[in-house]
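Fold and geometry: a report
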Amino acid sequence: MILCAGEALIDMLPRTSTLNEDAYAPHAGGAVFNTAIALGRLGAKPAFFHGLSNDFFGELLKSKLAESGVDASLAVTADRPCTVAFVKLVDGHATYAFYDENTAGRMLTPTDLPDIPDTVDALFFGGISLPVEPCGEAYEALCAREAATRVIMMDPNIRPSFIKNEARYRARMDHMLSLCDIVKVSDEDLLWIMGDGDIEQHIQTLLTKGPKLVCLTEGSEGVRGFTKNGVVHVTATKVEVADTVGAGDTFNAGLLASLQQSGKLTKTGVADLDDETIRAALEMGSKAAAITVSRAGANPPWTHEM
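Quick caveat, the model's predicted, so the values are computed rather than measured.

Definitions and cut-offs
- Residues numbered from 1 in each chain as written.
- Predicted model: local features only at pLDDT ≥ 70, side-chain atom pairs only at ≥ 80, totals over all residues.
- Heavy atoms only, no water.
- Helix = DSSP H or I, 4+ residues; strand = E, 2+ residues; numbered from the N terminus.
- Rg over C-alpha atoms; globule rule 2.2 N^0.38 Å.
- Buried < 20%, exposed > 50% of the residue type's maximum accessible area, 1.4 Å probe, protein only.
- Contact = heavy atoms within 4.5 Å.
- Pairing = 2+ DSSP bridges.
- Axes fitted to C-alpha atoms, helices over the stretch in contact; angles between N-to-C directions.
- Arc of directions from axis to C-beta.
- Polar contact = N/O pair within 3.5 Å; in protein donor to acceptor, adjacent residues only side chain to side chain.
- Expected span 1.5 Å × (residues − 1).
- Phe/Tyr/Trp six-rings, centres within 6.5 Å; stacked < 30°, edge-to-face > 60°.
- Lys NZ or Arg CZ within 6 Å of the ring centre and 35° of its normal.

**Some details on the overall build of the protein**
Within the protein, the secondary structure is distributed over nine helices and 14 strands. The globule rule puts the C-alpha radius of gyration for 306 residues at 19 Å, and the 18 Å found for the protein is close to it. Dimensions of the protein, computed from C-alpha atoms along their principal axes, come out at roughly 55 × 45 × 40 Å. Here the protein holds 306 residues, and 54% of them are scored as buried. Summarising the internal contacts of the protein: among those between residues at least 6 apart in sequence, 70% fall at separations of at least 24.

**Section: the sheet that holds strand β11 (residues 182-186)**
If you walk across this open sheet you meet the eight strands as β4-β1-β9-β10-β11-β12-β13-β14, and the pairing is mixed. Only two strands of the sheet have a single partner each, and these edge strands are β4 (47-49) and β14 (230-234). Strand-to-strand, the axes of this sheet are offset by a mean angle of 20°, without reference to chain direction. With four bridges connecting them, strand β12 (residues 213-217) and strand β13 (residues 223-227) associate as antiparallel partners. If you follow Val-214 over to β13, its bridge partner there is Phe-226. Set on the sheet, helix α9 (residues 275-293) makes contact with β12, β13 and β14; between it and β14 the angle comes to about 35°.

**Here we look at helix α6 (residues 199-208)**
Inspection of α6 places Ile-199, His-202, Ile-203, Leu-206 and Leu-207 among the buried residues, and these make up the whole buried set. Burial along α6 is one-sided: seen end-on, the buried residues are contained in an arc of 140°. Where the residues of α6 are buried, they touch α4 (166-179), β11, α5 (187-194), β12 and β13. Where α6 begins, one side-chain oxygen reaches toward the backbone nitrogen of Glu-200, 3.2 Å away; that side chain belongs to Asp-198.

**Considerations on the pairing of strand β1 (residues 2-5)**
Residues Ile-2 and Cys-4 point to one face of β1 and Leu-3 and Ala-5 to the other, with burial holding for every one of them. Both β1 and strand β9 (residues 122-126) contribute to a ladder of four bridges, which runs parallel. Across the sheet, residue Ala-5 finds its bridge partner in β9, namely Phe-125. In terms of strand pairing, β1 meets β4 through three bridges, oriented parallel.

**Some remarks on helix α3 (residues 135-146)**
The terminal C-alpha atoms of α3 lie 17 Å apart, and with twelve residues this matches the ideal 16 Å at 1.5 Å per residue to within 8%. Of the positions making up α3, those classed as buried are Cys-135, Gly-136, Ala-138, Tyr-139, Glu-140, Leu-142, Cys-143 and Glu-146. Where α3 is buried, its residues meet β1, β4, β5 (51-53), β9, β10 (151-155) and α4.

**Considerations on the packing of aromatic side chains**
Following the criterion strictly, the structure yields seven aromatic pairs and no others. Relative to Tyr-139, the ring of Phe-49 has its centre 6.1 Å away and its plane inclined at 70°; by these criteria the two rings are edge-to-face. Linking Phe-49 in strand β4 with Tyr-139 in helix α3, this pair joins segments that are 90 residues apart in sequence. There is no split in this pair, since Phe-49 and Tyr-139 are both buried. Seen in terms of ring centroids, Tyr-169 and Trp-192 are 5.6 Å apart; in terms of plane orientation they differ by 50°. Their pairing is tilted. Placement of Tyr-169 in helix α4 and of Trp-192 in helix α5 is noted, with a sequence separation of 23 residues between them. Given the relative accessible area of 17%, Trp-192 is considered buried. A cation sits over an aromatic face here: Arg-170 above Trp-192, 3.7 Å from the ring centre.

Here it is as C-alpha cells:
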C-alpha cells in the first residue's frame, strides 16, 4: 500500500454559466489528493492522510477518494473549513489563489500523526502542505519517523507565493530531501531549491544527499530519471492539451504504481533500480499524465484507459 500524505482541497475551476456569465465550479483537488486518486484508479490500493473538514466540501473530498478506491481511514476530520483554491487558466496552464488560513488541513499537528499499518510500503509527500504551519511540521515529522523502513517519495511542487517563511521551508526541504528515496522535480523546482546553476549538476548534487532516483519532468521534452549509475530518458506522449491541472500529480502515481507492480517499491529495490525498471516507470507516469492533460481538470486515467 502507498500512503499519500498531504493536501486535499477544492479547486474552483473557471466556467461560463448558462447566461454567459463568468462562473466557478467546485472540483476536488490538491496535489497529494490527485496523486492518491490516480494511484487508486491505477489499481495501487493507496491510503490518504490529511486533515479533512466535516463540511460539505470535506464530504465531497471523502466521496471522491472512496470512488477511486482510496482508503481515507487514517485522515483526521476536524470542525474547520476546507482549503479552497481559485484557478486561473492562461493558455492551458494553471495559476492559483489559495484560501487556507485555519483550515482542517492547515491546522494538522504532529500530535495528529497516526500509527502506520505494516501494509504500507511507501509514503508520498509534496505540495502546498509542506511550506505552511503547523501541518508542514507534521508531515516532516511523519517523513522522519517512517523513512528508515519505508520508501519515501516527494514532489516539492514549489509555489513561491505560498512560502511565508523561506528559511524554515528551505531547512524542511533539506531535511526531507535527505530522507527521500525518490524525488520528482521540474527545472523550476530544482533551481528554487538549489539556486542558479547547471540543472544536471544540481541533480548529481541532490543524488549525494540521499535520493536514489531523481525524476526531472520537462514538459513536451519528456522526463529523465537520474541515478548514481546514469540517466534514462523517456519522450513525452503527444496529445492535444486541454489543460495541465494534475499532470505532475498523475505522473507521480504512474511512477509509483509501476514500481509497485515490478516489486521494486522497497528500500532495497529502489536503491538498486536497473534501467529497464526505471524506463517502464517513467513511461507509465508519462502516459498517465498525457491522458490527464488531454481532458479538463485533474481527471487521472483508470487502468483500462492505459
